[in-house]
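Inside the fold
These are the residues of each chain, in order.
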Amino acid sequence: MPDLNGDIDRQIDAALEQQRAGRLSEAETAYRTILRQEPDHAEVHQLLGLLLHQRGDSAHAIDEIETAVRLAPAVAQFRFNLGLVQTAARAFETATMTFETLIAQGEDNPAAANAYAVALKGAGRPADAETVLERLIQAHPSFADAHFNLGNLRLADGRLSAAASCYETALDLAPKKTEIVRNLAAALQGLGDLERAEALLQEILAPSPNDAAALNNLANIRRQAGALDDAERLLRRALEADPGMADAAYSLGCIRITRNDVEGGRNALDIVPGDTD
């Protein structure tokens, strides 16, 4: 008899190679071909869901991964990925329930607890998210993402010193993570330590001169220091790197209006969503 399982495994491996190489249409076709042969293959439903999420089709991605969870409810990774995709799709309440079910399965899973906190924050429950992260840090003090996300919660509600402390710890644990450096710089800027904030952003820009977020943040520091020429130049660079960056466009528009360049200011503000009058 032919080895059907071995043939399916080879097809999955080939589809994964196509997906990793960016040939998403070919990979999707391959996954769907496998599912016509094995419609209850949970792993392939999950892989197809992740591919659809990668393509921006979150609704169908969630459907596929939910099918994988239904077919293999004991596989923690499937439920974890479902929660991540639900969070990315801003279905925060549903994501919190997914992570609660996963955590209730009893396995010590710091990544799941961290993702649960992110979903709680998105669902408008920052106090619950903070409690989850504090407990996670007690159990896993070297888990850098937990310190980072706790810093994000504290930055969002204006506890700048506490946020900076979280980011410093996260940076000690994961010194090459750009998002930690960027957010630490934001906290330090809020605390008035413009010199160190600028130095951190320059660390990002040295290897990545087109990092739009770092350029925008550095421009805001220069603007705060009164160096409007430098700020405008940096904002133009940020918008070249990311033409749809509303924060940079808004700041550039404000600078130009301040300088009585009303037309230039309105042109910059045109890309900012909502009413800018």
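Description of the structure in this document. Computed from a prediction, not measured in an experiment: that's the story for all the values here.

**Considering the nonpolar core**
The biggest cluster of nonpolar side chains holds 35 residues, and the ones touching the most others in it are Tyr 167, Ile 180, Leu 184 and Leu 201. Counting residues in hydrophobic clusters, the runner-up holds 25 residues, among them Ala 15, Leu 24, Tyr 31 and Leu 82.

**Some remarks on helix H8 (residues 126–139)**
What sets the pattern is the α-helix's 3.6 residues per turn: residues three or four places apart point alike. The terminal C-alpha atoms of H8, which comprises 14 residues, lie 20 Å apart, in line with the 20 Å expected from a rise of 1.5 Å per residue. Against helix H7 (110–122) and helix H9 (144–156) lie the buried residues of H8.

**Some details on H7**
Between its first and last C-alpha, H7 extends 19 Å over 13 residues, near the 18 Å set by a 1.5 Å rise per residue. Those residues of H7 that sit buried are Pro 110, Ala 112, Ala 113, Asn 114, Ala 115, Tyr 116, Ala 117, Ala 119 and Leu 120. Each element contacted by the buried residues of H7 is listed here: helix H5 (76–88), helix H6 (92–104), H8 and H9. After H7 finishes, the residue Gly 124 shows a positive phi value of roughly 80°.

**Some details on the packing of aromatic side chains**
Taken as a whole, this structure holds two aromatic pairs when the rule is applied. Ring geometry for Phe 148 against Tyr 167: centres 5.9 Å apart, planes inclined by 50°, an arrangement best described as tilted. Of the two residues, Phe 148 sits in helix H9 while Tyr 167 sits in helix H10 (residues 160–173), which places them 19 residues apart along the sequence.

**A look at a negative patch on the surface**
Taken together, the side chains of Asp 7, Asp 9, Asp 13 and Glu 43 make up a negatively charged region of the molecular surface. Of the residues forming the negative patch, the biggest block, three residues, is contributed by helix H1 (residues 4–20). Mapped onto the elements, Glu 43 comes out in helix H3 (residues 42–54).

**Examining the packing of H3 against H5**
With their axes 11 Å apart at the nearest point, H3 and H5 run at an angle of 20° to one another. Between H3 and H5, the angle is such that the two are roughly parallel. For the pair H3 and H5, the crossing hand works out as left-handed. Across the interface between the two elements, Ala 42, Glu 43, Gln 46, Leu 50 and His 53 from H3 touch Gln 77, Phe 78, Asn 81, Val 85 and Ala 88 from H5. Looking at the contact of H3 with H5 residue by residue, the class counts come to five nonpolar, four polar and one charged.

Analysis parameters
For every chain, the first residue of its written sequence is number 1, and the numbers climb from 1 along that sequence. Where local features are concerned, this predicted model is filtered to residues with pLDDT of at least 70; where side-chain atom pairs are given and counted, the filter is 80 or more; whole-chain, interface and lining totals use all residues. Think of the side-chain values as coming from all heavy atoms in the structure, minus any hydrogens and water. We define a nonpolar core as any set of buried Ala, Val, Leu, Ile, Met, Phe, Trp, Tyr and Cys residues linked to one another through side-chain atoms lying within 4.5 Å. Only protein chains enter the area calculation, which uses a 1.4 Å probe; residues under 20% of their type maximum are buried, those over 50% are exposed, and those in between are partly exposed. We count a stretch as a helix when DSSP gives it H or I for four or more residues in a row; a strand needs E for two or more, and each element gets its number in order from the N terminus. Here, expected helix span is obtained from the residue count minus one, scaled by 1.5 Å. Two residues qualify as a contact provided that any one of their heavy atoms is within 4.5 Å of a heavy atom in the partner residue. To pair, rings of Phe, Tyr and Trp, with the six-membered ring standing in for Trp, must have centres within 6.5 Å; the planes then decide the type, stacked if under 30 degrees apart, edge-to-face if over 60, and tilted in the middle. Each patch is built from salt-bridge-free residues with over 30% relative accessible area, joining like charges within 9 Å and nonpolar side chains (Val, Leu, Ile, Met, Phe, Trp, Tyr) within 5 Å. What sets the accessible areas is the Shrake-Rupley method with a 1.4 Å probe; for residues, cover comes only from the shown protein chains. Every case where a carboxyl oxygen of Asp or Glu lies within 4 Å of a side-chain nitrogen of Lys or Arg is listed as a salt bridge. In this count, Lys and Arg are taken as positive residues and Asp and Glu as negative ones, while His and the chain termini are left out. Note that the charge is assigned to NZ on lysines, CZ on arginines, CG on aspartates and CD on glutamates. To get an axis, fit a line to the C-alpha atoms, keeping to the stretch in contact for a helix; angles then go from 0 to 180 degrees between the N-to-C directions. Small angles under 35 degrees read as roughly parallel and large ones over 145 as roughly antiparallel, with 65 to 115 read as roughly perpendicular and the rest as oblique. Crossing handedness is defined as follows: a turn of the near helix away from the far one that is anticlockwise and smaller than a right angle gives a left-handed crossing, while the clockwise case is right-handed. Amino acids outside the nonpolar list (Ala, Val, Leu, Ile, Met, Phe, Trp, Tyr, Cys, Pro) and the charged list (Asp, Glu, Lys, Arg) are all regarded as polar, and Gly is one of them.

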